[in-house]
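Below, each chain spelled out in residue letters.
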Amino acid sequence: MAVLTQTTDKCGPPIITCLTYLQDQVWGIAYNIGEEDQEKVMAHLDYREKDGYHRKAVLFHPQDNSIQPWHLTLYLGADSNPFYTGPTNENTIAEIISLAAGPSGPNSEYLFQLAEAMRTFGVSDSHLFDIEAKVKNILSVV
């Protein structure tokens, strides 16, 4: 489920947060951080994700079924996040993404890169792709 989350630390308020439930499948990339860098990297991520996100240990299943799953840590936004605004329709999400920008750049660029990554993984996410199309239409992007 995509929801709007008002925050001050990402690409400019608001951003989109995915709330997941136990039966949901979430796609992403896992990084193996060397032991010598773990403390520094986690401190950086804790600072970056401080605005209503919490660490969660999960079992990661690689796309390649020949590789055994392993546990990793990710950051999740929750409905207890003080900036959580609840479920939001795709048109509103697209409008906000098309206008939002911050220190990391326009939220639209993040959305476009996310959609492209999902295509690269072979993931078909109609919700994500519909929002991408709406944002491109708003921004007159071909």
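Just so you know, these numbers come straight off a predicted model, no measurement behind them.

Engineer: Please clarify how the pattern of salt bridges should be interpreted in this entry.
Structural biologist: Any two side chains of opposite charge can pair, given that their charged atoms come close. In this structure the tally under the stated criterion is 4 salt bridges. Between Arg 55 and Asp 46 there is a salt bridge, with its nearest N and O atoms 2.7 Å apart. Between Lys 136 and Glu 132 there is a salt bridge, with the nearest N and O atoms lying 3.5 Å from each other. Taken together, the residues span about one helical turn, with Lys 136 and Glu 132 both in helix H4 (residues 126-139) at a distance of 4 residues. In this structure Lys 136 comes out as partly exposed when scored by relative accessible area, which is 25%. Where salt bridges share partners, they join Glu 116, Arg 119, Glu 132 and Lys 136 into one cluster.

Engineer: How do you make sense of the nonpolar core when you look at a structure like this?
Structural biologist: Generally speaking, soluble globular proteins have nonpolar side chains that are buried together. Residues Ile 97, Leu 111, Met 118, Leu 128, Phe 129, Ile 131 and Val 135 are the most contacted members of the largest nonpolar core, which totals 13 residues. If you list the elements that add at least two residues to this core, you get helix H2 (90-99), helix H3 (107-121) and H4. Looking at which element gives the most residues to this core, the answer is H3, with 5 residues. When sequence neighbours within four positions are dropped, the list of residues in contact with Phe 129 reads Ala 115, Met 118, Arg 119, Val 123 and Ser 124.

Engineer: Would you mind showing me how to read a nonpolar patch on the surface here?
Structural biologist: A cluster of nonpolar side chains, Ile 138, Leu 139 and Val 141, forms an exposed patch at the surface whose accessible area comes to about 210 Å². Within the fold, Val 141 resides in the segment after H4. For Val 141, a relative accessible area of 37% corresponds to the partly exposed category.

Engineer: Just to check I follow, could you spell out the environment of Asn 91 for this structure?
Structural biologist: By the secondary structure assignment, Asn 91 is in helix H2. For the pair Asn 91 and Ile 131, spaced 40 residues apart in the sequence, the C-alpha separation amounts to 7.4 Å. Engagement of the side chain of Asn 91 in a polar contact is seen with the side chain of Lys 134, the distance being 3.2 Å.

Engineer: Explain H4 here, please?
Structural biologist: Because an α-helix completes one turn every 3.6 residues, residues spaced three or four positions apart along the sequence face the same direction. Relative to the 20 Å expected for 14 residues at 1.5 Å per residue, H4 spans 20 Å between its end C-alpha atoms, a close match to the ideal helical length. For H4, the full list of buried residues reads Leu 128, Phe 129, Ile 131, Glu 132 and Val 135. Looking straight down H4, one finds that the buried residues subtend no more than 160° of arc, so they occupy a single side. Among the exposed residues of H4, those oriented more than 90 degrees off its buried face are Ser 126 and Asn 137. Elements in contact with the buried residues of H4: H2 and H3. Two to three positions downstream of the cap, the backbone nitrogen of His 127 sits 3.2 Å from a side-chain oxygen, assigning the N-cap of H4 to Asp 125. Positioned one or two residues after H4, Ser 140 has a phi angle of 55°, which is positive.

About the criteria used
- Residues numbered from 1 in each chain as written.
- Predicted model: local features only at pLDDT ≥ 70, side-chain atom pairs only at ≥ 80, totals over all residues.
- Heavy atoms only, no water.
- Salt bridge = Lys/Arg side-chain N within 4 Å of Asp/Glu carboxyl O.
- Helix = DSSP H or I, 4+ residues; strand = E, 2+ residues; numbered from the N terminus.
- Buried < 20%, exposed > 50% of the residue type's maximum accessible area, 1.4 Å probe, protein only.
- Core = buried A, V, L, I, M, F, W, Y, C linked by side-chain atoms within 4.5 Å.
- Contact = heavy atoms within 4.5 Å.
- Patch = residues over 30% accessible without salt bridge, like charges linked within 9 Å, V, L, I, M, F, W, Y side chains within 5 Å.
- Areas by Shrake-Rupley, 256 points an atom, 1.4 Å probe, with all protein chains shown as cover.
- Polar contact = N/O pair within 3.5 Å; in protein donor to acceptor, adjacent residues only side chain to side chain.
- Expected span 1.5 Å × (residues − 1).
- Arc of directions from axis to C-beta.

Just distances and angles here, no functional claims.
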